[in-house]
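So the chains spell out like this:
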Amino acid sequence: MATEIEFSYAALNGAARRHIRVFQIQQFLDRFAMGLTVAVVALALTDRGMDLFQISLLFGVYSLTTMAMELPFGGLADSIGRKPVFLAAVVASLISLVLFLSTRDFNVLALSFAFIGFGRALRSGTLDAWFVETFRAAAPDVDVQPALAKAQWANAIGLATGAVLGGVLPDVLGEVAISLGFSVYDVSYVASFAVMLAVFVFTVFAIVEPPRPMDATALVHGFASVPTVIKDASLLALKHPTLSLLLAALALFLMATNPVEVIWPTHAKPMLDDGYANTVIGVVTATYFFSIAFGGSLSPYISRIFNRRHAMTLAATFACLAGVQIALALQGSIIGFVTVFVLYSVILGVSETPASSILHSCVEDRQRSTMLSLRSLIQQLGAALGLILAGTVAEIYSTPIAWSVGAVFLFLAAILVLVLVRRVALESE
């Protein structure tokens with residue numbers, strides 16, 4: 001196998017540079033459209049009369065739909081093409097936005113969230129695969145990782161920019177929306193719909209992919225193979241105690257942290273003045289995304305502190321995260337809340353790399369996709385269960401108590417990973 005040439009943007013040919021720019025714009029627009037609603041979704045649901053338990057159920061519908069659809073649609077893009085599948089995902093997103101804007105009924109909102117999950121399952125890995133394949137064709141033997149990093153940076157900027165604007169729009173145009181009979185948060189959803197239409201048009205004309213024959217059996221085969229995929233992955237995990245412990249810990253991790261990610265705006269908004277509350281929520285949401293990215297960049301340095309023992313790094317990260325989640329629940333002022341929330345987000349970012357390193361070290365290439373599918377399934381299931389539990393506790397007691405209960409799951413996850421540390425040590429002897 002030829003050694004990859006070190007990446008240099010200036011040294012790339014015109015086709016490769018143009019390919020990177022097109023993908024950056026496409027990713028920015030797509031994540032910008034998503035960001036417009038991500039900062040206000042919990043607030044918009046509260047404004048529609050949903051309580052915390054119902055909000056948790058709706059996000060549970062999203063998680064379970066994603067979990068159910070991601071496996072059967074995993075190979076669809078390989079069969080019929082990445083571009084058509086991505087365009088179908090955009091259509092699903094547009095349908096979701098229309099349903100959301102049209103109703104205050106829980107059942108219709110649940111259908112809207114199901115379409116969001118459907119769209120995410122369709123999006124998974126589609127244009128990323130197209131980007132890598134086309135880049136390698138345009139720039140053979142050049143290291144593709146830095147090119148992907150450029151695209152991922154555009155992705156993060158789009159999400160953060162959308163989150164800020166999605167928070168500003170209700171404060172600026174909220175009164176206009178109310179005068180027209182809409183919710184103040186509907187302006188962010190209308191803006192998201194407009195940008196999503198732009199994503200569709202841009203993808204149609206700017207993303208070039210040779211057409212592939214439409215194989216109607218691909219979808220049927222995808223659904224038919226789901227039980228086999230789950231069975232094979234489960235057997236692999238059961239036969240490998242390290243994987244079993246890791247996946248159980250990751251499920252507990254999502255049970256604890258996903259409720260914080262979903263309902264924190266409803267907890268923080270009462271700490272703010274109504275005149276600028278949504279704008280601050282948008283800014284904090286953008287900061288959340290950047291803090292996670294910053295934490296990810298710190299992860300290699302923190303790993304060195306633990307002599308690159310990834311399981312030990314993960315156990316320490318989960319334990320710290322549990323303590324910080326309790327501290328977050330105790331905050332009563334917006335300054336204290338945002339300060340702790342930023343720290344919490346950084347630690348979330350730190351946790352991703354050691355977990356992935358452990359998983360990839362335990363499986364062979366032929367098993368990797370199967371295990372990643374199982375990891376995604378278990379994490380979505382953990383997220384859904386955590387949301388339902390947290391929503392119930394928050395509605396009966398309070399959000400801080402729900403988050404404190406969630407911290408117990410993080411401590412349990414840390415204990416499981418400490419058992420994993422011992423197992424890894426025994427396997428290395």
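Refer to the structure above for everything that follows.
A few points on the structure. (Residues numbered from 1 in each chain as written. Predicted model: local features only at pLDDT ≥ 70, side-chain atom pairs only at ≥ 80, totals over all residues. Heavy atoms only, no water.)

**Observations regarding the pattern of salt bridges**
Working step 1: Applying the stated criterion across every chain, the model contains 3 salt bridges.
Working step 2: For the salt bridge of D30 with R31, the shortest nitrogen-to-oxygen distance reads 2.5 Å.
Working step 3: Given the relative accessible area of 0%, D30 is considered buried.
Working step 4: A salt bridge links D186 to R48, with the shortest nitrogen-to-oxygen separation between them at 2.9 Å. One end of the pair, D186, is in helix α9 (residues 186–206); the other, R48, is in the loop between α2 (41–47) and α3 (52–70), and 138 residues separate them in sequence. (Salt bridge = Lys/Arg side-chain N within 4 Å of Asp/Glu carboxyl O. Buried < 20%, exposed > 50% of the residue type's maximum accessible area, 1.4 Å probe, protein only. Helix = DSSP H or I, 4+ residues; strand = E, 2+ residues; numbered from the N terminus.)

**Structural notes on the packing of aromatic side chains**
Working step 1: Summed over the entire model, instances satisfying the criterion amount to 12 aromatic pairs.
Working step 2: On the numbers, 4.2 Å between centres and 5° between planes, the contact of F100 with Y189 is stacked. Of the two residues, F100 is situated in helix α5 (residues 82–102) and Y189 in helix α9; the sequence distance between them amounts to 89 residues.
Working step 3: For F100, a relative accessible area of 2% puts it in the buried group.
Working step 4: Centre to centre, the rings of W264 and F341 are 4.9 Å apart; their planes meet at 40°, and the pair counts as tilted. Linking W264 in helix α11 (residues 241–268) with F341 in helix α14 (residues 334–362), this pair joins segments that are 77 residues apart in sequence.
Working step 5: Residue classification places F341 among the buried residues on the basis of a relative accessible area of 1%.
Working step 6: Connected via pairs of aromatic rings, a cluster forms that spans W264, Y288, F289, F337, F341 and W403. (Phe/Tyr/Trp six-rings, centres within 6.5 Å; stacked < 30°, edge-to-face > 60°.)

**A short note on helix α12 (residues 277–305)**
Working step 1: Between its first and last C-alpha, α12 extends 40 Å over 29 residues, near the 42 Å set by a 1.5 Å rise per residue.
Working step 2: The largest bend along α12 reaches roughly 40° and is located at S299, with the proline P300 sitting one to four residues downstream.
Working step 3: The positive-phi residue at the C-terminal boundary of α12 is N307, with phi of around 55°. (Expected span 1.5 Å × (residues − 1). Bend = angle between axes of the 7 residues up to and from the residue.)

**Looking at the side chain of N278**
Working step 1: Along the chain, the position of N278 falls in helix α12.
Working step 2: Side-chain polar atoms of N278 contact the side chain of Y185, separated by 3.2 Å.
Working step 3: Leaving out residues up to four positions away in the same chain, N278 has contacts with L43, G167, V168, P170, D171, Y185 and K269. (Polar contact = N/O pair within 3.5 Å; in protein donor to acceptor, adjacent residues only side chain to side chain. Contact = heavy atoms within 4.5 Å.)

**A few points about the packing of helix α1 (residues 14–38) against α9**
Working step 1: In contact at an axis separation of 8 Å, α1 and α9 are set at 160° when each is read in the N-to-C sense. By the angle between their directions, the pair α1 and α9 is classed as roughly antiparallel. Helix-helix and strand crossings are classified by hand; for α1 and α9 the assignment is left-handed. Residue-level inspection shows V22, I25, Q26, L29, D30, F32, A33, L36 and T37 of α1 in contact with α9, the latter providing S188, Y189, A191, S192, V195, M196, V199, F202, T203 and A206.
Working step 2: Class assignment for the residues of the contact of α1 with α9 results in 13 nonpolar, 5 polar and 1 charged. (Axes fitted to C-alpha atoms, helices over the stretch in contact; angles between N-to-C directions. Parallel < 35°, antiparallel > 145°, perpendicular 65-115°, else oblique. Left-handed = near helix turned anticlockwise from the far one by under 90°. Nonpolar A, V, L, I, M, F, W, Y, C, P; charged D, E, K, R; others polar.)

**Points about the nonpolar core**
Working step 1: Ranked by size, the top nonpolar core spans 80 residues in total, and within it L45, F318 and F341 carry the most contacts.
Working step 2: If sequence neighbours within four positions are ignored, F318 has contacts with A249, L250, F253, S351, L410, A413, A414 and V417.
Working step 3: Of all hydrophobic cores here, the second largest spans 29 residues; its members include V22, F23, F32 and A151. (Core = buried A, V, L, I, M, F, W, Y, C linked by side-chain atoms within 4.5 Å.)

**Let's talk about α11**
Working step 1: Helix length check: α11, at 28 residues, gives a terminal C-alpha distance of 41 Å against a target of 40 Å (1.5 Å per residue), a fit within 8%.
Working step 2: Residue V262 marks the point of greatest curvature in α11, where the axis turns by about 50°; the proline P265 follows within four residues.
Working step 3: Counting buried residues along α11, 24 of its 28 residues qualify, which places the element largely inside the surrounding structure.

**Overview of the side chain of T103**
Working step 1: In this structure, T103 sits in the loop between α5 and α6 (106–123).
Working step 2: A distance of 2.8 Å separates the side chain of T103 from the backbone nitrogen of D105, its partner in a polar contact.
Working step 3: With residues up to four places along the chain from it excluded, the contact list for T103 reads R48, V108 and L109.

**Focus on the environment of G158**
Working step 1: Locating G158 in the fold gives a position in helix α8 (residues 145–179).
Working step 2: According to the relative accessible area criterion, G158 is buried, its value standing at 0%.
Working step 3: C-alpha of G158 to C-alpha of Q26: the two residues are 132 residues apart in sequence and 9.8 Å apart in space.

**Quick look at the packing of α11 against helix α13 (residues 310–329)**
Working step 1: Two elements in contact, α11 and α13, have axes whose closest approach is 12 Å; the angle formed by their N-to-C orientations is 20°. Considered as vectors, α11 and α13 are oriented roughly parallel to each other. For the crossing formed where α11 meets α13, the hand is left-handed. Contact with α11, carried on its side by L246, A249, L250, F253, A256, T257 and V260, involves L314, F318, L321, Q325 and L328 of α13 and no other residues of that element.
Working step 2: Here the contact of α11 with α13 is built from residues that sort into 10 nonpolar, 2 polar and no charged.

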